[in-house]
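Structure at a glance
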Amino acid sequence: MSLIFLFDGDCAFCTTCANLVNRWVPTNAAVAPWQRSDLAMLGLTREQCLEAVQWVEPGKAALAGPDAIGALLRSSNATWRPLGRLLGVRAVSAVAWPIYRWVARHRHQLPGGTAACAVPPSAHATPPSRTQSA
């Protein structure tokens, strides 16, 4: 298993963002829709993937939401790594989570989003505990 960044492939907004990552953020990680991934092999559940993007790195706990985005950016080149490191700072991550949740709730209204992108209110991500393993 190698590095993998999972997104919601049923969401046009998320797919647009993933396409931008593939185009502009050089990384060795696979950027893939969770719906086409073996979640059990990755140690993830459908519920986790419905809540937020996921970063899976062998031998480490999975990361979600802005923590996953930060890990993806840290796996890139010198242009993107500083932003990834910044997202890894606890205080920045604490601010990034409410922003991430807002985007998740409104992604169907954002550029590239469609009505199919709407997520039920119960599925919005909450930041995981730093001591919780995925």
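So, a few notes on the structure that sits alongside this text. Every value quoted in this text rests on a predicted model; they were computed, and no experiment measured them.

Right, let's get into the packing of helix 4 (residues 65-74) against helix 6 (residues 90-106). Two elements in contact, helix 4 and helix 6, have axes whose closest approach is 8 Å; the angle formed by their N-to-C orientations is 115°. Regarding the angle of helix 4 to helix 6, the classification is roughly perpendicular. Along its contact with helix 4, which presents Gly65, Pro66, Asp67 and Ile69, the element helix 6 presents Ser93, Ala96, Trp97 and Tyr100. In terms of residue class, the contact of helix 4 with helix 6 is made up of five nonpolar, two polar and one charged.

By secondary structure assignment, the location of Ser76 is in the loop between helix 4 and helix 5 (81-87). Residue classification places Ser76 among the buried positions, given a relative accessible area of 7%. Beyond its immediate stretch of four places on either side in the chain, Ser76 contacts Val25, Pro26 and Arg81.

In spatial order, the strands read 2-1-3-4; together these four strands make up an open sheet with mixed pairing. Where the open sheet ends on each side, the last strands, each with one partner, are strand 2 (30-33) and strand 4 (63-64). Of the pairings in the sheet, the one linking strand 3 (residues 54-56) to strand 4 comprises two bridges and is antiparallel in character. The partner of Gln54 across the bridge, within strand 4, is Ala64.

What follows concerns helix 1 (residues 12-24). The first and last C-alpha atoms of helix 1 sit 18 Å apart over 13 residues, in line with the 18 Å expected at 1.5 Å per residue. Of all the positions in helix 1, only Phe13, Cys14, Ala18 and Val21 are classed as buried. Buried positions in helix 1, seen along its axis, are confined to an arc of 135° and lie on one side of it. Turned more than 90 degrees away from the buried face of helix 1, the exposed residues are Arg23 and Trp24. Packed against the buried residues of helix 1 are strand 1 (4-7), strand 2, helix 4 and helix 6.

Here we come to the layout of surface pockets. Counted as a void, the largest pocket has a volume near 700 Å³. Listed by contribution, the elements that provide at least two residues to the lining of the largest pocket are strand 1, helix 1, helix 3 (46-51), helix 4, helix 5 and helix 6. The biggest single contributor to the lining of the largest pocket is helix 1, with seven residues.

Inspection of the entire model under this criterion finds two salt bridges. Where Arg107 meets Asp8, a salt bridge forms, and the shortest distance between an N and an O atom there is 2.9 Å. Placement of Arg107 in the segment after helix 6 and of Asp8 in the loop between strand 1 and helix 1 is noted, with a sequence separation of 99 residues between them. Lys60 serves as the salt-bridge partner of Glu57, at 3.4 Å between the closest nitrogen and oxygen. Using a relative accessible area of 24% as the deciding quantity, one classes Glu57 as partly exposed.

Criteria and thresholds
Residues numbered from 1 in each chain as written. Predicted model: local features only at pLDDT ≥ 70, side-chain atom pairs only at ≥ 80, totals over all residues. Heavy atoms only, no water. Axes fitted to C-alpha atoms, helices over the stretch in contact; angles between N-to-C directions. Helix = DSSP H or I, 4+ residues; strand = E, 2+ residues; numbered from the N terminus. Parallel < 35°, antiparallel > 145°, perpendicular 65-115°, else oblique. Contact = heavy atoms within 4.5 Å. Nonpolar A, V, L, I, M, F, W, Y, C, P; charged D, E, K, R; others polar. Buried < 20%, exposed > 50% of the residue type's maximum accessible area, 1.4 Å probe, protein only. Pairing = 2+ DSSP bridges. Expected span 1.5 Å × (residues − 1). Arc of directions from axis to C-beta. 1 Å grid on protein atoms, 1.4 Å probe; cavity = no way out; pocket = protein on both sides within 12 Å on 5 of 7 lines; lining within 4 Å. Points joined across faces, edges and corners; volume = space filled by probe spheres on them. Salt bridge = Lys/Arg side-chain N within 4 Å of Asp/Glu carboxyl O.

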